[in-house]
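# Fold and geometry: a report
Residue strings, one per chain:
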Amino acid sequence: MSSQAEKKLPFNQLPLSPQIQRALADLKFEYCSPIQARSLPYSLAGHDVLGKAQTGTGKTAAFLIAVFEDLLKNPPPEERYAGEARALVIAPTRELVVQIAKDAAEIGKYLDFEVHTVVGGMDFNKQLKKLQSSHIDLLVATPGRMLDFCERGVIFLDQLEVLVIDEADRMLDMGFIPQVKRIVRMAPKKTHRQTLLFSATFSEDVLRLSEQWMFEPASVEIEPERVATESVKQTIYMVAGDEKFRLLGNLLEEPGVESLMVFANRRDQCRDLHEQLRRKGFKVGLLSGEIPQGKRLRTLDDFKNGKLQALVATDVAGRGIHIDDVTHVVNFTLPEEPEDYVHRIGRTGRAGNSGISISFACEDDAFRLPAIEELLGSKLKCEIPPEHLLR
Ligand code: AMP
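For clarity, every value in this text was computed on a predicted model and none was experimentally measured. (Residues numbered from 1 in each chain as written. Predicted model: local features only at pLDDT ≥ 70, side-chain atom pairs only at ≥ 80, totals over all residues. Heavy atoms only, no water.)

## Re the nonpolar core
Grouped together as the largest cluster of nonpolar side chains are 40 residues, with contacts concentrated most on Ile 65, Phe 68 and Leu 138. For this core, the elements supplying multiple residues, two or more each, are helix H1 (18-26), helix H2 (34-44), helix H3 (59-73), strand S2 (85-90), helix H4 (94-107), strand S4 (136-141), strand S5 (162-165) and strand S6 (194-199). The residues touching Phe 68, leaving out its near neighbours within four places in the chain, are Ile 20, Ala 104, Ile 107, Gly 108, Leu 111, Phe 113 and Leu 138. Of all hydrophobic cores here, the second largest spans 35 residues; its members include Cys 150, Met 171, Phe 176 and Val 206. (Core = buried A, V, L, I, M, F, W, Y, C linked by side-chain atoms within 4.5 Å. Buried < 20%, exposed > 50% of the residue type's maximum accessible area, 1.4 Å probe, protein only. Helix = DSSP H or I, 4+ residues; strand = E, 2+ residues; numbered from the N terminus. Contact = heavy atoms within 4.5 Å.)

Structure follows, in structure tokens:
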């Protein structure tokens, strides 16, 4: 983030409340990241913002700051009903919701706002009790469970002031748009709320949704190739398909490979990889949609705390998770969508650290390289792995 020094905007030059300024100072956020610098002037002025930004760019803080400032500026009426949400963030995965709520707790630590989370797969009754126990200033939710609570009359959106839709492109990919549409329909109409929508890509579908859901939005973006390439050293190893596992095992034995995320395209590939690595005696965890939520969160914690050296992940599960010290990312298979390559390698090289990404290209997936290079806007150098890594 510091690399885009040319447009450094310090937070203290923005019209932010002292409580937010203080929280940002505690977090050691001094300057806006590019997406923050470009979106906050609009969002703080109450405009809708369509933001093109991926995980790792600081988009979460970008929308949370705008949400909190709006809630501060517009105090709730004396009489409030239980279940009425003032701000809502919808995100595609449980991990992302948990992370956003954690960021909200940090950025909102000097504010007296009630933040609730609603996610599928975790204790329904516990979430219900919490929702009924206090007002809802900010709600962070996955679409399915959110809709469920709305339809049961637990949550009401008719007083909603700010709606944030995070990772809209991923929600499309995951088939959540019908649910999101029903949720949006329960909110005040677009001229009577503020809508912030973030997406890593502006596909036609995303743009169409933004037209439906947003009122004269300011469209802001940061150049994608910067995100990917600046702080990550990218290597492509050309190998035979049946050498990939040996290569991965040897890489894990290399000095300096402290925390490695390995991505494969399919769940069954991830499951197999995890099992094989485990049998070889590596401390490794699995992050995939089929793993129960509680276990996934524990795995993530173990990885963050260094109890696990490696984490095998699918694209969906690996997205949006925040771990700042991933030293290596391995693409065991090259992703079908070039954007996923950018997301994957963006798991390393975060928060001012540098990172290493190593992609294994074999006879079955090397054909995906040109599309990735096109997205990156630069050529990737393909190499034969050093011999000791194939032994
Ligand atoms: P995100 O794109 O929301 O996933 O954020 C990526 C990481 O950047 C998170 O770990 C944030 O805590 C961190 N971050 C966000 N904004 C800033 C900032 N202005 N300065 C430094 N770090 C930041």
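## Digging into the sheet that holds strand S11 (residues 310-313)
Strands in a sheet are paired, the pairing made by backbone hydrogen bonds, and the direction either parallel or antiparallel. If you walk across this open sheet you meet the seven strands as S10-S11-S9-S12-S13-S8-S14, and the pairing is parallel. Whereas interior strands pair on both sides, the edge strands pair on one side only; in this sheet they are strand S10 (284-287) and strand S14 (382-383). Across four bridges, strand S9 (residues 260-263) lies against strand S12 (residues 328-331) in parallel orientation. Pairing of Phe 263 across the sheet is with Asn 331, part of S12. Across the face of the sheet, helix H12 (residues 267-279) comes into contact with S9, S10 and S11 while running at roughly 170 degrees to S10. (Pairing = 2+ DSSP bridges. Axes fitted to C-alpha atoms, helices over the stretch in contact; angles between N-to-C directions.)

## Observations concerning the packing of aromatic side chains
The final tally for this structure, using the stated rule, is four aromatic pairs. Consider the rings of Phe 63 and Phe 198, whose centres lie 5.7 Å apart with planes at 45 degrees: the pair is tilted. Of this pair, Phe 63 sits in helix H3 while Phe 198 sits in strand S6; the two residues are 135 residues apart in sequence, bridging distant segments of the chain. Seen in terms of ring centroids, Phe 124 and Phe 149 are 4.8 Å apart; in terms of plane orientation they differ by 15 degrees. Their pairing is stacked. You can see Phe 124 sitting in helix H5 (residues 124-133) and its partner Phe 149 sitting in helix H6 (residues 143-151), a full 25 residues away along the chain. The cationic tip of Lys 8 hangs over the ring face of Tyr 31; the distance from NZ or CZ to the ring centre is 4.3 Å. (Phe/Tyr/Trp six-rings, centres within 6.5 Å; stacked < 30°, edge-to-face > 60°. Lys NZ or Arg CZ within 6 Å of the ring centre and 35° of its normal.)

## Brief notes about H12
Taking 1.5 Å per residue as the helical rise, H12 with its 13 residues ought to reach 18 Å, and the 18 Å between its terminal C-alpha atoms agrees with that figure. At its buried positions, H12 is contacted by helix H11 (244-253), S9, S10 and S11. Just beyond H12, the residue with positive phi is Gly 281, at close to 95 degrees. (Expected span 1.5 Å × (residues − 1).)

## Side note on the environment of Asp 70
Along the polypeptide, Asp 70 turns up in helix H3. Between the alpha carbons of Asp 70 and Leu 96 there is a distance of 22 Å; along the sequence they are 26 residues apart.

## Comments concerning the layout of surface pockets
By volume, the second largest pocket amounts to about 710 Å³. Around the second largest pocket, the lining comprises 35 residues; the ones closest to its centre are Arg 170, Asp 173, Met 174, Asp 315 and Val 316. Going through the elements one at a time, H4, H6, helix H7 (168-173), helix H9 (204-213), helix H14 (315-318) and helix H15 (338-345) are the ones with two or more residues in the lining of the second largest pocket. Take the lining of the second largest pocket: its biggest share by element is four residues, from H7. (1 Å grid on protein atoms, 1.4 Å probe; cavity = no way out; pocket = protein on both sides within 12 Å on 5 of 7 lines; lining within 4 Å. Points joined across faces, edges and corners; volume = space filled by probe spheres on them.)

## Description of the pairing of S5
Along a regular strand, successive side chains alternate from one face of the sheet to the other. Side chains Val 162 and Val 164 of S5 all project onto a buried face; the interleaved residues Leu 163 and Ile 165 project onto the opposite face, where all are buried too. Pairing of S5 with S6 involves four bridges; the strand directions are parallel. Bridge pairing links Leu 163 to Thr 195 in S6.

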